[in-house]
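# Secondary and tertiary structure notes
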Amino acid sequence: MVLTKLFRLDALHLDPRAVEEICRDVLSGKLVVFPTETVYGLGASIYTPEAVRRIYTAKNRPMDNPLIIHISRREHLQEVAAHIPDTAWRIVEVAWPGPLTLVLKKGRAVPPEASAGLPTAAIRMPAHPVAEKLIDCTGPVAAPSANISGRPSPTTGHHVLVDMFGRADIIVDAGETLFGIESTIVDVSVEPPRLLRPGAMPIERITEILGVEIVVTDTSRGYTEAEKALAPGMKYRHYAPKTPLILVEGSGPRGLVEVVEEIRREGKRVAVIVSRENLKLYQGVADRVVAVGSIENLFEVAKNLFIALRELDRFGVDVAVSESFPERGIGLAVMNRLRKASTKIIRLNS
Ligand code: AMP
Ligand code: MG
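Just so it is clear, the model here is predicted, and its values are computed rather than measured. (Residues numbered from 1 in each chain as written. Chains lettered and ligands numbered in written order. Predicted model: local features only at pLDDT ≥ 70, side-chain atom pairs only at ≥ 80, totals over all residues. Heavy atoms only, no water.)

### Points about the pattern of salt bridges
Throughout the structure, instances matching the rule amount to 24 salt bridges. One salt bridge in this structure joins Lys5 and Asp25, with 2.7 Å as the shortest N-O distance. Highlighted residues: Lys5 in strand β1 (residues 5-8) and Asp25 in helix α1 (residues 16-27), separated in sequence by 20 residues. Taking the relative accessible area as the measure of exposure, Lys5 reaches 34% and is therefore partly exposed. Across the pair Asp287 and Arg264 runs a salt bridge, and its minimum N-O distance is 3.1 Å. (Salt bridge = Lys/Arg side-chain N within 4 Å of Asp/Glu carboxyl O. Helix = DSSP H or I, 4+ residues; strand = E, 2+ residues; numbered from the N terminus. Buried < 20%, exposed > 50% of the residue type's maximum accessible area, 1.4 Å probe, protein only.)

Right under this line is the structure:
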(Lines give C-alpha, C1' and ligand atoms only; values in the text may rest on other atoms or scores of the structure.)
(Ligands and ions follow the chains in the order given, each with its own letter.)
Protein backbone atom coordinates (compact mmCIF):
# COMPACT_ATOMS: atom_id res chain seq x y z
CA MET A 1 0.00 0.00 0.00
CA VAL A 2 1.44 3.40 -0.97
CA LEU A 3 0.48 6.83 0.28
CA THR A 4 -1.54 8.44 -2.53
CA LYS A 5 -1.42 12.19 -3.14
CA LEU A 6 -4.70 13.44 -4.57
CA PHE A 7 -5.09 16.47 -6.85
CA ARG A 8 -8.44 17.78 -8.06
CA LEU A 9 -7.77 19.92 -11.13
CA ASP A 10 -9.98 22.07 -13.30
CA ALA A 11 -8.81 21.12 -16.80
CA LEU A 12 -9.78 24.48 -18.25
CA HIS A 13 -8.07 26.56 -15.54
CA LEU A 14 -4.99 24.53 -14.74
CA ASP A 15 -2.99 25.46 -11.67
CA PRO A 16 0.59 25.62 -13.05
CA ARG A 17 2.11 25.00 -9.59
CA ALA A 18 0.18 21.74 -9.23
CA VAL A 19 1.35 20.61 -12.68
CA GLU A 20 4.95 21.46 -11.76
CA GLU A 21 4.74 19.49 -8.52
CA ILE A 22 3.30 16.44 -10.29
CA CYS A 23 5.93 16.74 -13.02
CA ARG A 24 8.77 16.76 -10.44
CA ASP A 25 7.31 13.72 -8.71
CA VAL A 26 6.96 11.81 -11.99
CA LEU A 27 10.55 12.61 -12.99
CA SER A 28 11.68 11.27 -9.62
CA GLY A 29 10.03 7.90 -10.37
CA LYS A 30 6.46 8.26 -9.06
CA LEU A 31 3.35 6.68 -10.62
CA VAL A 32 0.61 9.09 -11.65
CA VAL A 33 -3.02 8.52 -12.57
CA PHE A 34 -3.89 11.21 -15.10
CA PRO A 35 -6.90 12.02 -17.30
CA THR A 36 -6.87 11.80 -21.08
CA GLU A 37 -9.72 12.40 -23.52
CA THR A 38 -10.32 8.61 -23.72
CA VAL A 39 -9.93 7.06 -20.23
CA TYR A 40 -7.67 7.65 -17.21
CA GLY A 41 -4.09 6.38 -17.56
CA LEU A 42 -1.60 5.07 -14.97
CA GLY A 43 1.68 6.59 -16.07
CA ALA A 44 5.41 6.65 -15.40
CA SER A 45 8.21 8.52 -17.16
CA ILE A 46 9.96 6.37 -19.77
CA TYR A 47 13.19 7.67 -18.23
CA THR A 48 12.46 5.80 -14.97
CA PRO A 49 12.18 2.11 -16.03
CA GLU A 50 11.87 0.98 -12.41
CA ALA A 51 8.67 3.05 -12.11
CA VAL A 52 7.42 1.68 -15.45
CA ARG A 53 7.82 -1.81 -14.00
CA ARG A 54 5.78 -0.80 -10.94
CA ILE A 55 2.81 -0.04 -13.25
CA TYR A 56 2.40 -3.79 -13.84
CA THR A 57 2.39 -4.53 -10.11
CA ALA A 58 -0.02 -1.70 -9.30
CA LYS A 59 -2.53 -3.02 -11.86
CA ASN A 60 -1.82 -6.77 -11.51
CA ARG A 61 -1.05 -6.61 -15.22
CA PRO A 62 0.79 -9.48 -16.93
CA MET A 63 4.33 -8.31 -17.86
CA ASP A 64 3.84 -9.37 -21.50
CA ASN A 65 1.12 -6.78 -22.18
CA PRO A 66 2.90 -3.63 -23.43
CA LEU A 67 1.96 -0.04 -22.54
CA ILE A 68 1.22 3.01 -24.68
CA ILE A 69 3.85 5.75 -24.91
CA HIS A 70 2.12 9.12 -24.49
CA ILE A 71 3.78 12.14 -26.06
CA SER A 72 2.80 15.80 -26.32
CA ARG A 73 4.95 17.02 -29.23
CA ARG A 74 6.08 15.78 -32.64
CA GLU A 75 9.73 16.04 -31.50
CA HIS A 76 9.12 13.30 -28.94
CA LEU A 77 8.47 10.92 -31.86
CA GLN A 78 12.14 10.89 -32.82
CA GLU A 79 12.97 9.51 -29.37
CA VAL A 80 10.30 6.85 -29.16
CA ALA A 81 9.98 5.68 -32.79
CA ALA A 82 12.80 4.40 -35.02
CA HIS A 83 11.13 4.54 -38.40
CA ILE A 84 8.07 6.53 -39.31
CA PRO A 85 6.55 5.47 -42.66
CA ASP A 86 4.71 8.00 -44.85
CA THR A 87 1.36 6.45 -43.92
CA ALA A 88 2.08 7.28 -40.27
CA TRP A 89 2.97 10.88 -41.03
CA ARG A 90 -0.17 11.33 -43.10
CA ILE A 91 -2.37 10.29 -40.23
CA VAL A 92 -0.37 12.01 -37.49
CA GLU A 93 -0.89 15.34 -39.27
CA VAL A 94 -4.68 14.96 -39.09
CA ALA A 95 -5.41 12.82 -36.05
CA TRP A 96 -2.97 14.02 -33.36
CA PRO A 97 -3.55 15.11 -30.72
CA GLY A 98 -6.47 12.67 -30.52
CA PRO A 99 -7.67 9.16 -29.65
CA LEU A 100 -5.49 7.25 -32.13
CA THR A 101 -2.51 5.07 -31.13
CA LEU A 102 0.02 4.03 -33.76
CA VAL A 103 2.27 0.99 -33.49
CA LEU A 104 5.70 1.83 -34.92
CA LYS A 105 9.23 0.40 -34.77
CA LYS A 106 10.38 1.53 -31.38
CA GLY A 107 13.04 4.15 -30.74
CA ARG A 108 16.03 4.03 -28.38
CA ALA A 109 14.37 5.89 -25.52
CA VAL A 110 11.67 3.23 -25.00
CA PRO A 111 12.69 0.89 -22.17
CA PRO A 112 11.91 -2.84 -22.65
CA GLU A 113 9.52 -2.61 -19.65
CA ALA A 114 7.21 -0.29 -21.64
CA SER A 115 7.11 -2.40 -24.80
CA ALA A 116 7.17 -5.81 -23.08
CA GLY A 117 10.35 -6.52 -25.00
CA LEU A 118 8.71 -6.10 -28.45
CA PRO A 119 10.61 -4.38 -31.28
CA THR A 120 7.63 -2.04 -31.71
CA ALA A 121 5.98 0.59 -29.50
CA ALA A 122 2.41 1.88 -29.33
CA ILE A 123 2.47 5.70 -29.38
CA ARG A 124 -0.14 8.40 -29.08
CA MET A 125 -0.58 12.11 -28.41
CA PRO A 126 -3.57 12.63 -26.08
CA ALA A 127 -5.88 15.62 -26.51
CA HIS A 128 -6.46 16.62 -22.89
CA PRO A 129 -5.13 19.79 -21.23
CA VAL A 130 -3.85 17.94 -18.13
CA ALA A 131 -2.12 15.17 -20.11
CA GLU A 132 -0.66 17.68 -22.55
CA LYS A 133 0.75 20.07 -19.91
CA LEU A 134 2.10 17.23 -17.79
CA ILE A 135 3.86 15.46 -20.66
CA ASP A 136 5.20 18.79 -21.95
CA CYS A 137 7.03 18.98 -18.64
CA THR A 138 8.00 15.32 -18.08
CA GLY A 139 8.61 14.11 -21.63
CA PRO A 140 7.15 10.78 -22.85
CA VAL A 141 5.02 8.86 -20.34
CA ALA A 142 4.31 5.11 -20.58
CA ALA A 143 0.76 4.31 -19.48
CA PRO A 144 -1.97 1.72 -19.77
CA SER A 145 -5.51 2.42 -18.53
CA ALA A 146 -5.64 3.07 -14.77
CA ASN A 147 -7.88 0.11 -13.84
CA ILE A 148 -7.02 -3.08 -12.01
CA SER A 149 -6.27 -5.55 -14.78
CA GLY A 150 -9.42 -7.14 -16.24
CA ARG A 151 -11.79 -4.43 -14.94
CA PRO A 152 -13.52 -1.76 -17.05
CA SER A 153 -11.24 1.22 -17.75
CA PRO A 154 -11.79 4.20 -15.42
CA THR A 155 -13.61 7.15 -16.93
CA THR A 156 -14.45 9.17 -13.79
CA GLY A 157 -12.54 10.43 -10.75
CA HIS A 158 -14.56 8.01 -8.64
CA HIS A 159 -13.45 5.01 -10.72
CA VAL A 160 -9.76 5.85 -10.28
CA LEU A 161 -10.13 6.33 -6.54
CA VAL A 162 -11.79 2.92 -6.26
CA ASP A 163 -9.10 1.15 -8.33
CA MET A 164 -5.89 3.10 -7.66
CA PHE A 165 -6.05 4.69 -4.19
CA GLY A 166 -3.18 3.13 -2.21
CA ARG A 167 -1.62 1.77 -5.42
CA ALA A 168 -0.53 4.89 -7.36
CA ASP A 169 1.61 7.68 -5.82
CA ILE A 170 -0.51 10.45 -7.34
CA ILE A 171 -4.09 10.63 -8.59
CA VAL A 172 -5.17 13.61 -10.68
CA ASP A 173 -8.96 13.85 -10.77
CA ALA A 174 -10.24 16.15 -13.51
CA GLY A 175 -13.77 14.76 -13.78
CA GLU A 176 -15.30 12.57 -16.48
CA THR A 177 -13.26 11.80 -19.58
CA LEU A 178 -14.68 12.93 -22.92
CA PHE A 179 -14.94 9.69 -24.92
CA GLY A 180 -15.09 7.16 -22.07
CA ILE A 181 -13.54 4.44 -24.25
CA GLU A 182 -9.89 3.77 -25.16
CA SER A 183 -7.98 4.92 -28.23
CA THR A 184 -8.06 3.10 -31.56
CA ILE A 185 -4.80 1.17 -32.11
CA VAL A 186 -3.50 0.77 -35.67
CA ASP A 187 -0.27 -1.04 -36.53
CA VAL A 188 1.43 1.05 -39.22
CA SER A 189 4.71 -0.86 -38.95
CA VAL A 190 3.21 -3.40 -41.40
CA GLU A 191 1.71 -3.09 -44.89
CA PRO A 192 -1.26 -2.85 -45.18
CA PRO A 193 -1.95 -1.22 -41.78
CA ARG A 194 -3.79 -3.44 -39.32
CA LEU A 195 -6.43 -2.58 -36.76
CA LEU A 196 -5.33 -3.98 -33.38
CA ARG A 197 -8.08 -2.46 -31.27
CA PRO A 198 -11.10 -0.40 -32.34
CA GLY A 199 -11.52 2.68 -30.18
CA ALA A 200 -12.69 6.25 -29.95
CA MET A 201 -11.50 7.23 -33.44
CA PRO A 202 -13.72 5.55 -36.04
CA ILE A 203 -11.86 3.24 -38.41
CA GLU A 204 -13.87 4.67 -41.34
CA ARG A 205 -12.27 8.06 -40.66
CA ILE A 206 -8.75 6.59 -40.52
CA THR A 207 -9.30 4.72 -43.80
CA GLU A 208 -10.49 7.95 -45.38
CA ILE A 209 -7.39 9.84 -44.23
CA LEU A 210 -4.99 7.06 -45.28
CA GLY A 211 -6.70 6.29 -48.56
CA VAL A 212 -5.96 2.57 -48.03
CA GLU A 213 -8.00 -0.23 -46.48
CA ILE A 214 -7.05 -1.25 -42.95
CA VAL A 215 -7.10 -4.96 -42.09
CA VAL A 216 -9.91 -5.65 -39.60
CA THR A 217 -9.85 -9.18 -38.17
CA ASP A 218 -12.32 -11.08 -35.97
CA THR A 219 -9.80 -10.74 -33.15
CA SER A 220 -9.80 -6.95 -33.48
CA ARG A 221 -13.60 -7.05 -33.34
CA GLY A 222 -13.35 -8.75 -29.96
CA TYR A 223 -13.53 -12.45 -30.83
CA THR A 224 -10.35 -14.44 -30.22
CA GLU A 225 -9.34 -17.98 -30.98
CA ALA A 226 -8.34 -18.58 -27.37
CA GLU A 227 -11.73 -17.39 -26.13
CA LYS A 228 -13.60 -19.63 -28.53
CA ALA A 229 -11.57 -22.62 -27.34
CA LEU A 230 -12.49 -22.16 -23.68
CA ALA A 231 -15.75 -23.19 -22.06
CA PRO A 232 -18.29 -20.37 -21.61
CA GLY A 233 -17.63 -18.51 -18.39
CA MET A 234 -14.06 -19.75 -18.22
CA LYS A 235 -12.42 -17.48 -20.75
CA TYR A 236 -10.14 -14.62 -19.82
CA ARG A 237 -12.26 -11.50 -19.48
CA HIS A 238 -11.32 -7.90 -20.03
CA TYR A 239 -13.26 -4.73 -19.17
CA ALA A 240 -15.37 -7.04 -17.07
CA PRO A 241 -17.90 -6.44 -14.30
CA LYS A 242 -17.91 -9.03 -11.50
CA THR A 243 -21.48 -9.91 -12.49
CA PRO A 244 -21.62 -12.51 -15.30
CA LEU A 245 -22.54 -10.76 -18.54
CA ILE A 246 -24.38 -12.30 -21.49
CA LEU A 247 -24.20 -10.51 -24.82
CA VAL A 248 -27.04 -11.16 -27.26
CA GLU A 249 -26.09 -10.75 -30.91
CA GLY A 250 -27.99 -11.02 -34.17
CA SER A 251 -31.52 -10.36 -33.00
CA GLY A 252 -33.87 -7.51 -32.37
CA PRO A 253 -35.11 -6.70 -28.84
CA ARG A 254 -37.69 -9.55 -28.94
CA GLY A 255 -34.96 -12.19 -28.75
CA LEU A 256 -33.38 -10.44 -25.81
CA VAL A 257 -36.69 -10.29 -23.93
CA GLU A 258 -36.98 -14.07 -24.33
CA VAL A 259 -33.44 -14.61 -23.04
CA VAL A 260 -34.21 -12.48 -19.96
CA GLU A 261 -37.52 -14.26 -19.31
CA GLU A 262 -35.83 -17.64 -19.48
CA ILE A 263 -33.15 -16.64 -16.95
CA ARG A 264 -35.79 -15.24 -14.61
CA ARG A 265 -37.72 -18.51 -14.76
CA GLU A 266 -34.62 -20.07 -13.17
CA GLY A 267 -35.23 -17.73 -10.22
CA LYS A 268 -32.32 -15.41 -11.06
CA ARG A 269 -32.30 -11.63 -10.86
CA VAL A 270 -31.37 -9.95 -14.16
CA ALA A 271 -30.16 -6.50 -15.21
CA VAL A 272 -30.15 -5.43 -18.85
CA ILE A 273 -27.97 -2.93 -20.72
CA VAL A 274 -29.92 -1.39 -23.56
CA SER A 275 -30.32 1.58 -25.86
CA ARG A 276 -32.63 4.39 -24.79
CA GLU A 277 -34.96 3.56 -27.70
CA ASN A 278 -35.61 0.07 -26.29
CA LEU A 279 -35.77 1.01 -22.61
CA LYS A 280 -39.54 0.61 -22.33
CA LEU A 281 -39.52 -2.92 -23.77
CA TYR A 282 -37.68 -4.28 -20.72
CA GLN A 283 -39.50 -2.49 -17.97
CA GLY A 284 -41.30 -5.13 -15.95
CA VAL A 285 -39.29 -7.81 -17.77
CA ALA A 286 -35.87 -7.32 -16.11
CA ASP A 287 -35.11 -6.46 -12.46
CA ARG A 288 -32.91 -3.52 -13.44
CA VAL A 289 -32.65 -1.66 -16.74
CA VAL A 290 -29.68 0.53 -17.68
CA ALA A 291 -29.96 2.71 -20.80
CA VAL A 292 -26.48 3.64 -22.06
CA GLY A 293 -27.53 6.00 -24.85
CA SER A 294 -29.27 6.32 -28.16
CA ILE A 295 -28.65 4.02 -31.16
CA GLU A 296 -28.50 7.28 -33.13
CA ASN A 297 -25.60 8.51 -30.96
CA LEU A 298 -23.04 5.77 -30.48
CA PHE A 299 -20.59 8.26 -28.93
CA GLU A 300 -23.05 8.53 -26.05
CA VAL A 301 -23.23 4.73 -25.76
CA ALA A 302 -19.41 4.49 -25.70
CA LYS A 303 -19.13 7.21 -23.07
CA ASN A 304 -21.56 5.50 -20.71
CA LEU A 305 -20.54 1.89 -21.31
CA PHE A 306 -17.81 1.51 -18.65
CA ILE A 307 -19.86 3.51 -16.13
CA ALA A 308 -22.72 1.04 -16.70
CA LEU A 309 -20.47 -2.04 -16.49
CA ARG A 310 -19.13 -0.86 -13.12
CA GLU A 311 -22.61 0.03 -11.88
CA LEU A 312 -23.91 -3.48 -12.56
CA ASP A 313 -22.02 -4.82 -9.56
CA ARG A 314 -23.94 -2.55 -7.21
CA PHE A 315 -27.35 -3.88 -8.26
CA GLY A 316 -27.02 -7.26 -6.56
CA VAL A 317 -28.30 -9.12 -9.63
CA ASP A 318 -27.18 -12.64 -10.61
CA VAL A 319 -26.75 -12.00 -14.32
CA ALA A 320 -26.61 -9.07 -16.71
CA VAL A 321 -27.70 -9.23 -20.35
CA SER A 322 -26.68 -6.68 -22.96
CA GLU A 323 -28.14 -5.71 -26.29
CA SER A 324 -25.83 -5.40 -29.29
CA PHE A 325 -25.16 -2.06 -30.96
CA PRO A 326 -24.51 -1.26 -34.64
CA GLU A 327 -20.87 -1.97 -35.56
CA ARG A 328 -20.30 1.31 -37.37
CA GLY A 329 -18.12 4.22 -36.29
CA ILE A 330 -17.36 4.07 -32.57
CA GLY A 331 -19.94 1.22 -32.35
CA LEU A 332 -17.17 -1.18 -33.46
CA ALA A 333 -15.28 -0.30 -30.24
CA VAL A 334 -18.47 -0.67 -28.15
CA MET A 335 -19.04 -4.19 -29.50
CA ASN A 336 -15.36 -5.13 -29.04
CA ARG A 337 -15.56 -4.17 -25.34
CA LEU A 338 -18.90 -5.92 -24.83
CA ARG A 339 -17.62 -9.15 -26.42
CA LYS A 340 -14.50 -9.12 -24.28
CA ALA A 341 -16.43 -8.28 -21.11
CA SER A 342 -18.99 -11.03 -21.60
CA THR A 343 -18.96 -14.52 -20.12
CA LYS A 344 -21.18 -15.80 -22.91
CA ILE A 345 -22.32 -14.64 -26.34
CA ILE A 346 -25.73 -15.83 -27.56
CA ARG A 347 -26.25 -15.55 -31.31
CA LEU A 348 -29.88 -15.45 -32.40
CA ASN A 349 -31.20 -15.18 -35.93
CA SER A 350 -33.14 -12.01 -36.52
P1 AMP B 1 -4.34 -0.05 -22.38
O2 AMP B 1 -3.94 1.37 -22.56
O3 AMP B 1 -4.58 -0.44 -20.97
O4 AMP B 1 -5.47 -0.37 -23.25
O5 AMP B 1 -3.11 -0.93 -22.84
C6 AMP B 1 -2.34 -0.63 -23.95
C7 AMP B 1 -2.74 -1.41 -25.16
O8 AMP B 1 -1.80 -1.17 -26.17
C9 AMP B 1 -2.78 -2.90 -24.93
O10 AMP B 1 -3.95 -3.42 -25.52
C11 AMP B 1 -1.55 -3.41 -25.67
O12 AMP B 1 -1.70 -4.71 -26.15
C13 AMP B 1 -1.40 -2.38 -26.78
N14 AMP B 1 -0.01 -2.26 -27.25
C15 AMP B 1 0.97 -1.60 -26.63
N16 AMP B 1 2.14 -1.72 -27.29
C17 AMP B 1 1.89 -2.50 -28.36
C18 AMP B 1 2.69 -2.99 -29.44
N19 AMP B 1 3.99 -2.72 -29.53
N20 AMP B 1 2.09 -3.75 -30.36
C21 AMP B 1 0.77 -4.03 -30.27
N22 AMP B 1 -0.04 -3.60 -29.29
C23 AMP B 1 0.51 -2.84 -28.33
MG1 MG C 1 -6.44 -1.28 -20.39
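### Let's talk about the packing of α1 against helix α6 (residues 129-138)
At their nearest, the axes of α1 and α6 sit 9 Å apart, and the two run at 50° to each other. Relative to α6, the element α1 lies oblique. With respect to the hand of their crossing, α1 and α6 are arranged in right-handed fashion. Two secondary-structure elements touch here, α1 through Val19, Ile22, Cys23, Val26 and Leu27 and α6 through Lys133, Leu134, Cys137 and Thr138. (Axes fitted to C-alpha atoms, helices over the stretch in contact; angles between N-to-C directions. Parallel < 35°, antiparallel > 145°, perpendicular 65-115°, else oblique. Left-handed = near helix turned anticlockwise from the far one by under 90°. Contact = heavy atoms within 4.5 Å.)

### Considerations on the sheet that holds strand β15 (residues 319-322)
Strand pairing within a sheet occurs via backbone hydrogen bonds; the two strands may be parallel or antiparallel. Read across the sheet, 5 strands follow the order β14-β13-β15-β12-β16 without closing on themselves; strand pairing throughout is parallel. Each having just a single partner strand, β14 (288-293) and β16 (344-347) make up the two edges of the open sheet. Each adjacent strand pair in this sheet contributes to an overall mean axis angle of 20°, direction not counted. Against the sheet, helix α10 (residues 253-265) touches β12 (245-249), β13 (270-275), β15 and β16, its axis set at about 170° to β15. Contacting β12, β13, β14 and β15, helix α12 (residues 298-312) runs over the sheet at an angle of about 155° to β14. (Pairing = 2+ DSSP bridges.)

### Overview of the site of ligand 1
As a matter of local geometry, ligand 1 sits amid 15 residues, with Arg61, Asn65, Thr120, Ser145 and Arg197 nearest to it. Within the contact set of ligand 1, a nitrogen atom lies 3.5 Å away from a backbone nitrogen or oxygen of Leu67. Between ligand 1 and Arg197, the relevant distance is 2.4 Å, taken from an oxygen atom to a side-chain nitrogen or oxygen of the residue. Burial of ligand 1 by the surrounding chains reaches 81%, relative to a free accessible area of 490 Å². Every element with two or more residues in the shell around ligand 1 is listed here: β7 (120-124) and β11 (194-197). Split by residue class, the shell around ligand 1 holds 10 nonpolar, 3 polar and 2 charged. (Near = heavy atom within 4 Å. Polar contact = N/O pair within 3.5 Å; in protein donor to acceptor, adjacent residues only side chain to side chain. Areas by Shrake-Rupley, 256 points an atom, 1.4 Å probe, with all protein chains shown as cover. Nonpolar A, V, L, I, M, F, W, Y, C, P; charged D, E, K, R; others polar.)

### Quick notes on the side chain of Thr38
As for its placement among the helices and strands, Thr38 is situated in the loop between β2 (32-34) and β3 (41-45). A polar contact of 2.9 Å, which involves the side chain of Thr38, links it to the side chain of Thr36. Apart from residues lying up to four places away in sequence, Thr38 is in contact with Pro99, Arg124, Thr177, Phe179, Gly180, Ile181, Glu182, Ser183 and Ala200.

### Some words on the nonpolar core
Across soluble globular proteins, nonpolar side chains show a tendency to be buried alongside one another. Counting 66 residues, the largest nonpolar core has Ile69, Trp96, Leu102 and Ile123 as its most contacted members. Excluding its chain neighbours within four sequence positions, the residues that come into contact with Ile69 are Ile46, Val80, Val110, Ala114, Ala121, Ala122, Ile123, Arg124, Pro140, Val141 and Ala142. Core analysis: the second largest hydrophobic core is formed by 28 residues, Leu245, Leu298, Ala320 and Leu338 among them. (Core = buried A, V, L, I, M, F, W, Y, C linked by side-chain atoms within 4.5 Å.)

### Section: the layout of surface pockets
It is a probe the size of a water molecule, rolled over the atoms, that shows where empty space is left. Roughly 1200 Å³ of volume is contained in the largest pocket. Arg61, Asn65, Ile185, Arg197 and His238 are, among the 47 residues lining the largest pocket, the residues nearest its centre. Within the residue set of the lining of the largest pocket, elements represented by two or more residues are β4 (68-70), α5 (112-115), β7, β11 and α13 (331-341). Classifying every residue of the lining of the largest pocket by side-chain character gives 18 nonpolar, 19 polar and 10 charged. (1 Å grid on protein atoms, 1.4 Å probe; cavity = no way out; pocket = protein on both sides within 12 Å on 5 of 7 lines; lining within 4 Å. Points joined across faces, edges and corners; volume = space filled by probe spheres on them.)

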